[in-house]
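Working through the structure, step by step
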Amino acid sequence: RKVKQIAEVQVKGGVFSICPFYNGSILATINSKTRMCKLVGEADMIDLKIIGAGHHGHIMSLFVRSLVDGENATSGNREQLAIVGDMVRSISVVK
């Protein structure tokens, strides 16, 4: 087996946590922000894009988890929620 990089996105800061989110997107905590990313393109031309404005309001976002697992990876009528852990002061629920 061999690991091969197929896409990357440059960010300003350190990536502390990554988790799957709804409809094939990914949540990443980058310094004090929580950003949503998505793989876009076809099998031979895949790119990783940051989508949306993200959430800013933490001192240092160290941890992110969503309610997504293998069985409920599409949102349907469910609210799209994630928990973000701040290094200094809080645990937040974001959508």
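If you're wondering where the values come from, they're calculated on a predicted model, not measured in any experiment.

Looking at the sheet that holds strand β7 (residues 91–94)
- Here 3 strands make up an open sheet; going across it, the order is β5-β6-β7 and the pairing antiparallel. In this open sheet, the two strands that pair with only one neighbour each are β5 (61–66) and β7. Direction aside, the axes of adjacent strands within the sheet are offset by 20° on average.
- Here β5 runs beside strand β6 (residues 82–86); their pairing, made up of 5 bridges, is antiparallel. The residue of β6 that forms the bridge with V64 is V84.

Points about the confidence of the model for the protein
- Per-residue pLDDT for the protein averages 84, and the proportion of residues at 70 or more is 89%.
- For the protein, per-element mean pLDDT is lowest for strand β4 (residues 45–56), which scores 83, and highest for strand β1 (residues 15–20), which scores 92.

The rules behind the values
Residues numbered from 1 in each chain as written. Predicted model: local features only at pLDDT ≥ 70, side-chain atom pairs only at ≥ 80, totals over all residues. Heavy atoms only, no water. Pairing = 2+ DSSP bridges. Helix = DSSP H or I, 4+ residues; strand = E, 2+ residues; numbered from the N terminus. Axes fitted to C-alpha atoms, helices over the stretch in contact; angles between N-to-C directions. pLDDT = per-residue confidence, 0-100.

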